[in-house]
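As a plain string of letters, each chain reads:
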Amino acid sequence: MKQRDSLKRKKIDTLDFRYHIVLLVLPLILFISVFIFAMPSSQYDFLSLSLICIVYLFGYSLSYYLHQGRIIRLWQHLEQVVNINDATYELVHLSSQYQDEHDFLDALLQKAVGVIDGAEMGSIILVNPRTNELKFECTVGLDLSELQKLKFHLEQSFEYRLTDGRCDRVVVVDDMHQINAGSSLSDEEQNILLTAASQPIRSTLSSPIHIDGKLYAMLNLDSGNRGAFNDYDRNLVGILTHEASNAIALYQKSQQIQRLANTDTLTGLYNRKRFEERLSQWHHKPQLGSFLVIIDMDNLKTINDIHGHQAGDNAIVALANAMKVTWPHKALLGRFGGDEFVLICHGPEHKLAAELLELAKLLNNPKSELQVKFSAGVADYQGDWHQAFKQADSAMYLEKRTKKSLKQA
């Protein structure tokens, strides 16, 4: 026999008709029996007995009505908690689809506004752990570009003021105009806060998000109605932000694992595996041409011998950073190990030659003890990676031999 699922019928606790009969009839029989046997027959007062029975029936009905109301509210609470858990579960398990942390937080905010009934708008405000500066990272129903013009600190937020600087609990504000008027923000900044929404914000529910014991951000849910949030919503958002902090922490850890798997830990450039994976997505531009460049340091061994291996690591990082400056966009940069770097970029070739000269100038800093020198080999890249790499590698070693011969001469 198939078992009936009461949760699918949105019922947690119900009383069968037979239970109602038992709970009604047995006490009434007891009342009547006590009434008959406790009083002489000459003093029977059926009016009083009827009144007692009516009062009992009324009390029973009222208590059952209140009981069912409480059960319904518990169901609604359970349903919203399940929705919150489902939302954060989905975020964590689909985290790989988000390009960066901003996209992840934006998706989190969208779901938060969706699961809290009174929320019509919202925002996530990041906290700089060193300076306590606040920055609006993402919004729903608010003008993000306007809000990002604000330059304010944690101490100026109502979350900080209403928790005496602890930022350890969810707070509800029913009159945003009044709470902003009591802050140290300028009139212009207060006006931005009040007018960033399509409709005036009259109440806000704000909850801190802590990661690894440190304040990471604040989740604000807003409404155009006064008194839109109550203690019930406060508890729900407390659950939501607790789950959100776990989701964000897991997302950050997953991104860190991906970075470790795909990038060189010393320089932050792509490692060989990731470089070759991204190579398949490279967009050729026939009018500009594509070029493979191999860059190899000339004096890493000398730096290591004279200044130590830490100085050698610093020299490698300096070369990598200079490459990032020289090719900030639309180029693939990778470190293949040791002092060998590879990049794919668009031409034309004379532009690439000028960029290599610019790279050498960036590294030729008279004030620095470390004078990083390098040789470079360039090959036309038409999609044949192995052929282009072989040509660029040969060109790079030819330049090294030429420099050595000139030095010896």
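Per chain, residue numbering runs from 1 following the sequence as it is written. It should be noted that, the model being predicted, local features are given only for residues of pLDDT at least 70 and side-chain atom pairs only at 80 or more, the latter also being counted only at that level, while totals for whole chains, interfaces and linings use all residues. Only heavy atoms go into the side-chain values, all of them from the structure, while hydrogens and water stay out.

K.L.:
Could you give an account of the pairing of strand E5 (residues 203–211), with specific residues and numbers?
P.N.:
Only protein chains enter the area calculation, which uses a 1.4 Å probe; residues under 20% of their type maximum are buried, those over 50% are exposed, and those in between are partly exposed. The numbering of helices and of strands both runs from the N terminus, where a helix is a DSSP run of H or I of at least 4 residues and a strand a run of E of at least 2. Counting buried positions along E5 yields eight of nine residues, so the element is predominantly enclosed. Two strands pair under a simple rule: DSSP has to find at least two bridges between them. The pairing of strand E4 (residues 171–173) with E5 spans three bridges and is antiparallel. If you follow valine 173 over to E5, its bridge partner there is threonine 204. Where E5 meets strand E6 (residues 214–223), nine bridges bridge the pair, whose relative direction is antiparallel. Looking across to E6, one finds that threonine 204 is bridged to aspartate 222. Hairpin remark: E5 followed by E6, antiparallel, with two residues in the connecting loop; positive phi at aspartate 212, about 55°.

K.L.:
Quick one: what's the story with the pairing of E6, residue by residue and with numbers?
P.N.:
For a regular strand, side chains alternate in direction, first toward one face of the sheet and then toward the other. In terms of burial, E6 is a largely internal element, nine of the ten residues being buried. Relative to E6, strand E1 (residues 121–127) runs antiparallel, the two sharing six bridges. Note that in E6 the partner of leucine 126 across the bridge is alanine 217.

K.L.:
Can you lay out the confidence of the model for the protein chain for me, pointing to particular residues and giving the numbers?
P.N.:
What pLDDT expresses is the predictor's confidence in each residue, scored from 0 to 100. Residues of the protein chain with pLDDT of at least 70 account for 91%, and the chain-wide mean is 85. We call two residues contacting when some pair of their heavy atoms lies within 4.5 Å. When the criterion is pLDDT under 50, residues 1–9 qualifies, and its contacts beyond four places in sequence or with other chains add up to four contacts.

K.L.:
I'd like a rundown of the pattern of salt bridges, residues and numbers included.
P.N.:
Salt bridges are defined by distance alone: a side-chain nitrogen of Lys or Arg within 4 Å of a carboxyl oxygen of Asp or Glu. In this structure the tally under the stated criterion is 14 salt bridges. Across the pair aspartate 231 and arginine 234 runs a salt bridge whose closest N-O atoms are separated by 3.2 Å. Of this pair, aspartate 231 and arginine 234 both sit in helix H8 (residues 231–262), three residues apart, which is roughly one turn of the helix. Classification of arginine 234 by relative accessible area gives partly exposed; the value is 27%. When salt bridges that share partners are traced, they join Asp296, Asp298, Glu399, Lys400 and Lys403 into one network.

K.L.:
I'd like a rundown of the packing of helix H10 (residues 300–307) against helix H11 (residues 309–326), residues and numbers included.
P.N.:
Orientation is described by lines fitted to C-alpha atoms, with helices fitted over the stretch in contact, and by angles between N-to-C directions that extend from 0 to 180 degrees. One can describe the packing of H10 onto H11 by two numbers: an axis separation of 7 Å at closest approach and a directional angle of 145°. Seen from above, H10 lies across H11 with right-handed handedness. For the pair H10 and H11, contact is made by Leu300, Ile303, Asn304 and His307 and by His309, Ala311, Gly312, Ala315 and Ile316, respectively. Gly is put with the polar residues, along with every residue not named as nonpolar or charged; the nonpolar set is Ala, Val, Leu, Ile, Met, Phe, Trp, Tyr, Cys and Pro, and the charged set is Asp, Glu, Lys and Arg. Split into classes, the residues belonging to the contact of H10 with H11 amount to five nonpolar, four polar and no charged. Handedness of a crossing is defined here by the sense of rotation of the near helix relative to the far one, left-handed for an anticlockwise turn of less than a right angle and right-handed for a clockwise turn.

K.L.:
Which residues make up the sheet that holds strand E3 (residues 152–153), and what values go with them?
P.N.:
Think of a sheet as strands paired side by side through backbone hydrogen bonds, with each pair either parallel or antiparallel. The strand order across the open sheet built from six strands is E3-E2-E1-E6-E5-E4, with neighbouring strands paired in antiparallel fashion. Edge strands, defined here as strands with exactly one partner in the open sheet, are E3 and E4. In the packing of helix H3 (residues 101–115) onto the sheet, contacts are made with E1, strand E2 (133–140) and E6, and the angle to E2 comes to roughly 60°.

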